[in-house]
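A closer look at the structure
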Amino acid sequence: MGIKDQFQDKANELRDQANQAASGARANASERGRREEQERGRRQGGQERDPQRDRGQQGRRTAQDALDDAEGRYQS
């Protein structure tokens, strides 16, 4: 076995280790994301609400009410 072959084997081994580490990291991140999504779903299930989300909904309702009021004035 020549020097070139030894270096090539070592390079292939390191590449395989890096690929395994990267796929393991992706799997961990995916699992973490699933757990966070489940937790977020439980919180939104009724006990805890996101105040920013509520404000956005309230603002849309207010704008819709104003639009309805304006349409009512012009239709009369």
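The present account deals with the structure reproduced in this document. (Residues numbered from 1 in each chain as written. Predicted model: local features only at pLDDT ≥ 70, side-chain atom pairs only at ≥ 80, totals over all residues. Heavy atoms only, no water.)

1. Comments concerning a negative patch on the surface
Judged by side-chain charge, D65, D68, D69 and E71 come together as a negatively charged surface patch. Tracing the sequence through the fold places D68 in helix α2 (residues 51-75). Of the residues examined, D68 reaches a relative accessible area of 38% and is grouped as partly exposed. (Patch = residues over 30% accessible without salt bridge, like charges linked within 9 Å, V, L, I, M, F, W, Y side chains within 5 Å. Areas by Shrake-Rupley, 256 points an atom, 1.4 Å probe, with all protein chains shown as cover. Salt bridge = Lys/Arg side-chain N within 4 Å of Asp/Glu carboxyl O. Lys, Arg positive; Asp, Glu negative; His and termini not counted. Charge placed at Lys NZ, Arg CZ, Asp CG, Glu CD. Helix = DSSP H or I, 4+ residues; strand = E, 2+ residues; numbered from the N terminus. Buried < 20%, exposed > 50% of the residue type's maximum accessible area, 1.4 Å probe, protein only.)

2. Considerations on the pattern of salt bridges
Using the criterion set out here, one finds five salt bridges in the structure. A salt bridge links R35 to E31; the nearest nitrogen and oxygen atoms lie 3.6 Å apart. One end of the pair, R35, and the other, E31, are both in helix α1 (residues 3-43), four residues apart, so they sit about a helical turn from each other. We classify R35 as partly exposed; its relative accessible area is 46%. Two residues, E37 and R40, come together in a salt bridge whose shortest N-O distance is 2.6 Å. Placement of the pair is E37 and R40 together in helix α1, with a separation of three residues, close to one helical turn. Overall, the relative accessible area of 49% leaves E37 in the partly exposed class. Taking the relative accessible area as the measure of exposure, R40 reaches 35% and is therefore partly exposed. Through salt bridges with shared partners, a single ionic network connects E31, R34 and R35.

Any link to function would need more than the numbers given here.
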